[in-house]
Amino acid sequence: MELEINNEVRAENVEPADLTITATATTTMTTTPTPPEEDKPQAQLSNWLPITASRKAKWWYSAFHNVTAMVGAGVLGLPFALSQLGWAPGVVAIVMSWIITFYSLWQLVELHEAAPGRRFDRYHELGMYAFGPRLGYWTIMPLQLTVQVASTIVYTVTGGKSLKKSCDLMFPQVFNEIRQTYFILFFTVFQLVMSQSPNFNSLKGVSLLAAIMSFAYSMVACVASFIKGTAEHHIHHVTYGVRSHTTAGRTFDALNGIGTIAFAFAGHSVALEIQATIPSTQDTPSKIPMWRGVLVAYIIVACCYISVSVSGYWAFGISVEDDVLVSLEKPNWLIAAANFMVFLHVIGSYQVFAMPVFDTIESALVQKYEFKPSRTLRLVARSSYVALVGFVGMCIPFFGGLLGFFGGLVFAATSYFVPCIMWLVIKRPKPWSFHWIASWTAATIGIMIAVLTPVGGLRQIILSFKSYQIFS
């Protein structure tokens, strides 16, 4: 009877010929029998692709992968978001985002094994199961890829800017005259080497270091902001409220601020891929250790986000920069150390977001274009992607505007409302039950963010263009 159910579910999700680039008939659990001869090429590919090659992760791997994915560039922009929204709306927006995304991440963890005996190891696989092969693929894949590509672009910019800031503070005579572009280029070259990690699970050491660094620089930013703020309040009055003095400006700033906050909760786009690295049996499904790691990660996220956003805005008010570490100028050694911690962190977070992109590219090259899985294929494919991202990062290094634009455009979809819609479609909760109300509420808020907030981020980018020269 169980075999019949599995075959029924598998039949419903057979991909049409033109969608072979998805690389993934969904993966069976570790307790299922050895695949028949006709399935062996797919099983071999699954064992080579970076997401499913290794399933030996522990629950704490989930914790620091999620911290690395969440507490990144976005946390440094939260004080700036408060300066665009004001005290009460800003804090409410951060807390509500935390609650909504915590709930939607729980939904994704639960849905990872929504069908008996199968695992949905990639976001688009779950979308195909929920919405059908064609609609699910072309709805989810572009959103997920945009999130991950946008994240790697922003982390490239952040890595270059943070390294330059650290070097400028420690050795001003040497590095002040060197363009920011060269630091972004250095970060890109470093990622060319890091990108050759064979699979997601091989990133555990890098991701652990990145998670420690993210918590460390968040605490440095918090403590330094309180120290700086105390001095600022003694010397002159700090202005609160919102940055703009016109109605149009306030509206655009508010939209950009909400988009920045949405960007800070970006980890959902890699949640299923993180869970795919955890072993799963009928007695201990992967959702148990995954959820344990998510709980730890979200507690750390709450500590970092609230402390950095409140302390940064309290210290500088509406004059806070879009990266709060830029506002913190002294002591030099501490701010230099914090910026170097950011540099180390984004090395890891870049890889966490890039690994699913590598998985998609490699599966397409092997399945659609019939390349043979090899080191050469990985070297060329991954290096080409990293080089392209680095070039884009050198052309448009507008940190604040990028956060708002990308955060509103696609991060709201993958983190706020797509998990809720899939939950409604797959689980079909009773009308007016808790999960029905919660899912519809979160989905409605997420759709509003996705529709409205990119306008504010785009305006911020346009304003930045007026004073920027390419490759400066």
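Reading guide: rules and limits
- Residues numbered from 1 in each chain as written.
- Predicted model: local features only at pLDDT ≥ 70, side-chain atom pairs only at ≥ 80, totals over all residues.
- Heavy atoms only, no water.
- Helix = DSSP H or I, 4+ residues; strand = E, 2+ residues; numbered from the N terminus.
- Buried < 20%, exposed > 50% of the residue type's maximum accessible area, 1.4 Å probe, protein only.
- Contact = heavy atoms within 4.5 Å.
- Areas by Shrake-Rupley, 256 points an atom, 1.4 Å probe, with all protein chains shown as cover.
- Phe/Tyr/Trp six-rings, centres within 6.5 Å; stacked < 30°, edge-to-face > 60°.
- Lys NZ or Arg CZ within 6 Å of the ring centre and 35° of its normal.
- Core = buried A, V, L, I, M, F, W, Y, C linked by side-chain atoms within 4.5 Å.
- pLDDT = per-residue confidence, 0-100.
- Patch = residues over 30% accessible without salt bridge, like charges linked within 9 Å, V, L, I, M, F, W, Y side chains within 5 Å.
- Salt bridge = Lys/Arg side-chain N within 4 Å of Asp/Glu carboxyl O.
- Expected span 1.5 Å × (residues − 1).
- Bend = angle between axes of the 7 residues up to and from the residue.
- Axes fitted to C-alpha atoms, helices over the stretch in contact; angles between N-to-C directions.
- Parallel < 35°, antiparallel > 145°, perpendicular 65-115°, else oblique.
- Left-handed = near helix turned anticlockwise from the far one by under 90°.
- Nonpolar A, V, L, I, M, F, W, Y, C, P; charged D, E, K, R; others polar.
- Polar contact = N/O pair within 3.5 Å; in protein donor to acceptor, adjacent residues only side chain to side chain.

## Topic: the overall build of the protein chain
Inference 1: Across its full length, the protein chain holds 20 helices and two strands.
Inference 2: Expressed as a percentage of the 472 residues in the protein chain, the buried residues total 56%.
Inference 3: By sequence separation, contacts in the protein chain at least 24 residues apart represent 85% of the contacts at least 6 residues apart.
Inference 4: Accessible surface for the protein chain amounts to roughly 19400 Å². Of this, 68% is attributable to carbon and sulfur atoms.

## Quick word on the packing of aromatic side chains
Inference 1: Under the defined criterion, the tally for this structure stands at 26 aromatic pairs.
Inference 2: Ring centres of Phe187 and Tyr350 lie 5.9 Å apart, and the angle between their planes is 75°; on these two criteria the pair is classed as edge-to-face. A residue pair is termed long-range when its members are at least 10 positions apart, and Phe187 in helix H10 (residues 180-194) and Tyr350 in helix H16 (residues 332-367) qualify at 163 residues. As far as the burial class goes, Phe187 and Tyr350 line up, both buried.
Inference 3: Summarising the aromatic geometry, the rings of Phe226 and Trp314 are spaced 5.5 Å apart at their centres and angled 45° between planes, so their arrangement reads as tilted. Placement of the pair is Phe226 in helix H11 (residues 204-235) and Trp314 in helix H14 (residues 287-316), with a sequence separation of 88 residues.
Inference 4: For Trp314, a relative accessible area of 26% puts it in the partly exposed group.
Inference 5: Members of the aromatic cluster, joined through ring pairs, are Phe186, Phe187, Phe190, Phe340, Phe343 and Tyr350.
Inference 6: Looking at Arg378, its charged tip hangs above the ring of Trp48, at a distance of 4.2 Å from the centre.
Inference 7: Over the ring of Trp423 we find Lys427, and its NZ or CZ is 5.6 Å from the ring centre.

## Re the nonpolar core
Inference 1: Counting 106 residues, the largest nonpolar core has Phe265 and Tyr305 as its most contacted members.
Inference 2: Of all the elements, H16 adds the most residues to this core, at 15 residues.
Inference 3: Grouped together as the second largest cluster of nonpolar side chains are seven residues, Leu45, Trp48, Leu377 and Ala381 included.

## Things to note about the confidence of the model for the protein chain
Inference 1: Per-residue pLDDT for the protein chain averages 83, and the proportion of residues at 70 or more is 84%.
Inference 2: Taken element by element, the predicted model of the protein chain shows its lowest mean pLDDT in helix H1 (residues 2-12) (40) and its highest in helix H7 (residues 123-131) (95).

## Digging into a nonpolar patch on the surface
Inference 1: Where nonpolar side chains cluster on the molecular surface, the patch consists of Val92, Val95, Met96, Ile99 and Ile306 and spans about 380 Å² of accessible area.
Inference 2: Broken down by element, the nonpolar patch gets its largest block of residues, four residues, from helix H6 (residues 87-111).
Inference 3: Position of Val95 among the secondary structure elements: in helix H6.
Inference 4: When its relative accessible area of 34% is taken as the criterion, Val95 is described as partly exposed.

## Observations regarding unusual backbone geometry
Glycine aside, negative phi is the norm for most residues, and most peptide bonds take the trans geometry.
Inference 1: At Glu370, a residue that is not glycine, the phi angle is positive and equals roughly 60°.
Inference 2: By the secondary structure assignment, Glu370 is in the loop between H16 and helix H17 (375-395).
Inference 3: Using a relative accessible area of 67% as the deciding quantity, one classes Glu370 as exposed.
Inference 4: The phi dihedral of Arg428 falls on the positive side, at around 50°, and the residue is not glycine.
Inference 5: A relative accessible area of 65% means that Arg428 is categorised as exposed.

## Looking at H16
Inference 1: With 36 residues, H16 should reach 52 Å at 1.5 Å per residue; the first-to-last C-alpha distance of 52 Å fits that figure.
Inference 2: Along H16, the largest kink reaches about 35° and is centred on Ala354; proline Pro356 follows within four residues of it.
Inference 3: Counting buried residues in H16 gives 28 out of 36 residues, a clear majority hidden from the surface.

## Here we look at the packing of helix H5 (residues 78-85) against H14
Inference 1: The N-to-C vectors of H5 and H14 enclose an angle of 55°; their axes lie 7 Å apart at closest approach. In this view, H5 runs oblique relative to H14, as classed from their interaxial angle. Handedness of the H5/H14 crossing: right-handed. Residues Leu78, Pro79, Leu82 and Ser83 of H5 lie in contact with H14, whose contacting residues are Tyr305, Val308, Ser309, Gly312 and Tyr313.
Inference 2: Looking at the contact of H5 with H14 residue by residue, the class counts come to six nonpolar, three polar and no charged.

## Quick look at H17
Inference 1: For H17, which comprises 21 residues, the first-to-last C-alpha distance of 30 Å matches the rise-based estimate of 30 Å (1.5 Å per residue) to within 8%.
Inference 2: Within the sequence span of H17, burial applies to Leu377, Arg378, Ala381, Arg382, Ser383, Tyr385, Val386, Val389, Gly390, Gly393, Met394 and Cys395.

## Points about the packing of H10 against H17
When two helices pack together, their arrangement is given by the angle between the helix axes and the distance between those axes.
Inference 1: Close contact between H10 and H17 brings their axes to 9 Å; oriented N to C, the two are set at 165°. In this view, H10 runs roughly antiparallel relative to H17, as classed from their interaxial angle. In terms of crossing hand, the pair formed by H10 and H17 is right-handed. Taken together, the residues of H17 that come into contact with H10 (itself represented by Thr181, Ile184, Leu185, Thr188, Gln191 and Leu192) are Ser383, Val386, Ala387, Gly390, Gly393 and Met394.

## Focus: the pattern of salt bridges
Inference 1: With the rule as written, the count across this model stands at nine salt bridges.
Inference 2: In this structure, the salt-bridge partner of Glu110 is Lys287, at a minimum N-O distance of 3.3 Å. In this pair, Glu110 sits in helix H6 while Lys287 sits in helix H14, placing the two residues 177 residues apart along the sequence.
Inference 3: On the basis of relative accessible area, Glu110 is assigned to the partly exposed category, the value being 22%.
Inference 4: The shortest N-O distance in the salt bridge between Lys164 and Asp168 comes to 3.2 Å. With Lys164 and Asp168 both in helix H8 (residues 133-170) and four residues apart, the pair spans about one turn of that helix.
Inference 5: Since its relative accessible area comes to 18%, Asp168 is described here as buried.
Inference 6: Three or more residues joined by partner-sharing salt bridges are found here, namely Arg55, Glu113, Arg119 and Asp121.

## Details of the environment of Thr188
Inference 1: Counting through the fold element by element, Thr188 comes out in helix H10.
Inference 2: Placed 31 residues apart in sequence, Thr188 and Val157 show a C-alpha to C-alpha distance of 9.7 Å.
Inference 3: With residues near it in sequence (within four places) discarded, Thr188 still touches Thr156, Val386, Ala387 and Gly390.
Inference 4: Among the polar contacts listed, one links the side chain of Thr188 to the backbone oxygen of Ile184, at a separation of 2.9 Å.

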